[in-house]
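Chains, contacts and geometry: an overview
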Amino acid sequence: MLELRGIVKKFGSVIALNDVSFDLEQGEIHCLLGDNGAGKSTLIRIISGYYTPTAGSMSFEGEAVRFESPGDALNRGIGTVYQDLALVPLMSVTRNFFMGREPYKQIGPFKHFKRRYAEAMAAEEMRKIGISLSDPTATVGTLSGGERQTLAIARAVYFGAKVLILDEPTSALGVRQTALVLNYMLQLCERGIAIIFITHNARQAYAVGTRFTVLNRGRTVGTFVPTEKSREELEDLMSGTRELVGMLKTATTG
Amino acid sequence: MGLAIVLGLFLSIANPAMFGPRGIVNWLEVSAQLAVLAVGACLLMVAGEFDLSMGSMIAFSGMAMALLIKFAGFAPWLAILSGFALALAVGFIIGMLRVRTGLPSFIVSLAFLFILRGVTIVGARMFNETTLIGGMQNLKHSDFVAFVFGGRVLGGLFNWLASVGWLAKLPNGQPVISGVQMIVVWAVLIGVTAAYVLNGTRFGNWMYATGGDANAARSSGIPIARVRVLLFMFSAFCATVFATCQLFDFGSADAGRGLLKEFEAIIAAVIGGGVLSGGYGSVIGSMLGALIFGIVSQGFFFTGVDGDWFQIFLGVVLLGAVAFNNYARKRISGGI
């Protein structure tokens, strides 16, 4: 449903992405793997409309698209949950949940924010995924890390995300909360939502992924299904060359 | 809370004349002037920005209107409209510079603090011999728009109060208060509207989000550039309301007007609970901050204490308010 061809992104003279191709099918969890600085963040920021690519083409649901702003991608049904979660700690759960998409009623020149309605909806959505909010006006700053993560994902899904980009959703979580998040991702796939799962944890990628794309230094190394490569091979590809791994091994053992 | 205690202490030692009818109208007007500016500063602060050019903008737009009336033969209403258009355009430019260059608004608006002050002085000298243009006392009655800024309201009420003996009269039979300056009406109008927009509208949520975390706001599809530019225009608008009221009330424009007002506005917003790092603030709080500021500054005047003490008081209150707000922010944001 989403296809990228020959994507190039330059920041001045720095080439962050060089000829990257990527595709995503409905209901799959496509893991995007790579070391720090491999270009994962740049790639997802292009898909989510945060950056416009220097070159290359993108199509969504069979149609060529060009996103000029995150709003464009959101309107198409591409929801992104960044590592920073795009939550504002000083704002209430409700204000965060509806941030940028506030339900409103036109009153004269003003777009009146329907706060009561928003509060009820936010509490309801959070309850559905098993978080009971005693107070929807409590600030996000008072939530736990896992609660914030699920709030951010639930928000993207609520606003009709057909494609969900999750940027290292489990990196800051403990084992138990990680399992909850991964489980929630599998549930979403069954509902036909496609997920791009950015991680550098190959173990988690194997646990839930249907396909893997490995990036290294701004290039695609390749796209694989789990049966094609072992976890060790995948980890080698992620961290760079086998030679480098070998060198490190000799360095640490000898 | 702490401010209420300070205020209470202060009121207990203040001269009772301050709370006579004339005293009340006096500090109400002083507070209202600052409140108009404080509301502009507060909304900007919520969105994470400062406008240090507000004080210079007061002189600039007031002078622009006076020059248009005196040297271009504009009717007051047309001069007022032109002055507002000019101020909004400058606000737009400041906002665009902030957004496009990505420089902190502190720097961009600081530059305009000097630019606008300079343009005002140079412009005044170019047409007028001095940087003061006077002799416009009667213009406020020349048309409705001028009256809306320079007139006085509630004159009838005070006349009636005086006629039934509840208000003292001057020797000539007129009540001691001839009316309340329009700036008070403007302060209430702007304050109520801004408070509603901040807490009751979609745009208000955008302001909180922009100031709370600009990246989060942007990736949620909020047009943060538009939010910022509009708020710089709003603060220019507030400064111009202040300037227009002064121009038509005093009947003069002076290139030296509005000095340090930008800081007073920020102080009032901070006393009212605004957080300097953005993302939190209260319009009603800022209005109360301006009220406290007005009462205390006039209080020094009425009690006969050397007015320079006021500055020391102000500095201490500012420090206290910032420390308290910072603590409160950490509590509600989970230590971030």
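Small disclaimer: the values here were computed from a predicted structure and weren't measured. (Residues numbered from 1 in each chain as written. Chains lettered and ligands numbered in written order. Predicted model: local features only at pLDDT ≥ 70, side-chain atom pairs only at ≥ 80, totals over all residues.)

Each helix and strand counted, chain A has 9 helices and 12 strands in total. A compact globule built from 254 residues would reach a C-alpha radius of gyration of about 18 Å, and chain A, at 20 Å, matches this within 12%. For chain A, the spread of C-alpha atoms along the principal axes amounts to about 70 × 40 × 35 Å. Residues classed as buried in chain A amount to 42% of the 254 residues present. Long-range contacts, defined as pairs at least 24 residues apart, comprise 67% of the intrachain contacts of chain A with a sequence gap of at least 6. (Helix = DSSP H or I, 4+ residues; strand = E, 2+ residues; numbered from the N terminus. Rg over C-alpha atoms; globule rule 2.2 N^0.38 Å. Buried ≥ 20, exposed ≤ 12 C-beta atoms within 10 Å, placed from the backbone. Contact = placed C-beta atoms within 7 Å.)

Across the contact, 26 residues belong to chain B and 26 residues belong to chain A. At the level of secondary structure, the elements contributing two or more residues to the side of chain B that touches chain A comprise helix H8 (182–200), helix H9 (202–212), helix H10 (214–219) and helix H14 (308–332) of chain B. Ranked by residues supplied to the side of chain B that touches chain A, first place goes to H9(B) with 7 residues. Class assignment for the residues of the side of chain B that touches chain A results in 10 nonpolar, 12 polar and 4 charged. (Nonpolar A, V, L, I, M, F, W, Y, C, P; charged D, E, K, R; others polar.)

The next subject is unusual backbone geometry. All names here are of chain A. At Asp19, a position not held by glycine, the phi torsion is positive, near 55°. One can find Asp19 in strand S2 (residues 14–24). Using a count of 14 C-beta atoms within 10 Å as the deciding quantity, one classes Asp19 as partly exposed. Unlike most non-glycine residues, Arg217 shows phi in positive territory, near 45°. Tracing the chain through its elements places Arg217 in the loop between strand S11 (211–216) and strand S12 (219–224).

For the α-helix, the turn length of 3.6 residues means that residues three or four positions removed from each other point alike. Burial within H9(B) is extensive, with 11 of its 11 residues counted as buried. The set of residues buried in H9(B) consists of B:Arg202, B:Phe203, B:Gly204, B:Asn205, B:Trp206, B:Met207, B:Tyr208, B:Ala209, B:Thr210, B:Gly211 and B:Gly212.

Looking now at the sheet that holds strand S6 (residues 78–81) of chain A. Residue and element names in this part refer to chain A. Ordered in space as S6-S9-S10-S3-S11-S12, the 6 strands form an open sheet in which the pairing is mixed. Where the open sheet ends on each side, the last strands, each with one partner, are S6 and S12. Strand after strand, the sheet turns through a mean of 15° between neighbouring axes, direction not considered. Relative to S12, S11 runs antiparallel, the two being bridged by 5 bridges. Bridge pairing in S12 links Leu215 to Thr220. Here helix H1 (residues 40–47) sits on the sheet in contact with strand S3 (29–33), S6, strand S9 (163–167), strand S10 (194–199) and S11, set at roughly 150° to S9. (Pairing = 2+ DSSP bridges. Axes fitted to C-alpha atoms, helices over the stretch in contact; angles between N-to-C directions.)

What follows covers the confidence of the model for chain B. All names here are of chain B. With 94% of its residues at a pLDDT of 70 or more, chain B shows a mean pLDDT of 88. Between the elements of chain B, mean pLDDT differs from a low of 59, seen in helix H1 (residues 2–13), to a high of 96, seen in helix H4 (residues 76–101). Model confidence for the complex: the whole-complex pTM is 0.83, and ipTM, which rates the interface, is 0.83. (pLDDT = per-residue confidence, 0-100.)

Residues and elements named next belong to chain B. Within the largest apolar cluster, 173 residues are counted, with the highest numbers of intra-cluster contacts made by Val36, Ala38, Val39 and Leu43. Here the element with the most residues in this core is helix H2 (residues 21–46); it accounts for 17 residues. Not counting chain neighbours up to four residues away, the residues in contact with Ala38 comprise Ala265, Ala268, Ala269, Ser286, Met287, Gly289 and Ala290. (Core = buried A, V, L, I, M, F, W, Y, C linked by C-beta atoms within 7 Å.)

The next thing to look at is the environment of A:Val81. All names here are of chain A. Tracing the backbone through its elements, the reader meets Val81 in strand S6. Sequence separation between Val81 and Gly71 is 10 residues, and the spatial gap between their C-alpha atoms is 14 Å. With residues near it in sequence (within four places) discarded, Val81 still touches Ala152, Ile153, Ala156, Ile165, Leu166, Asp167 and Pro169.

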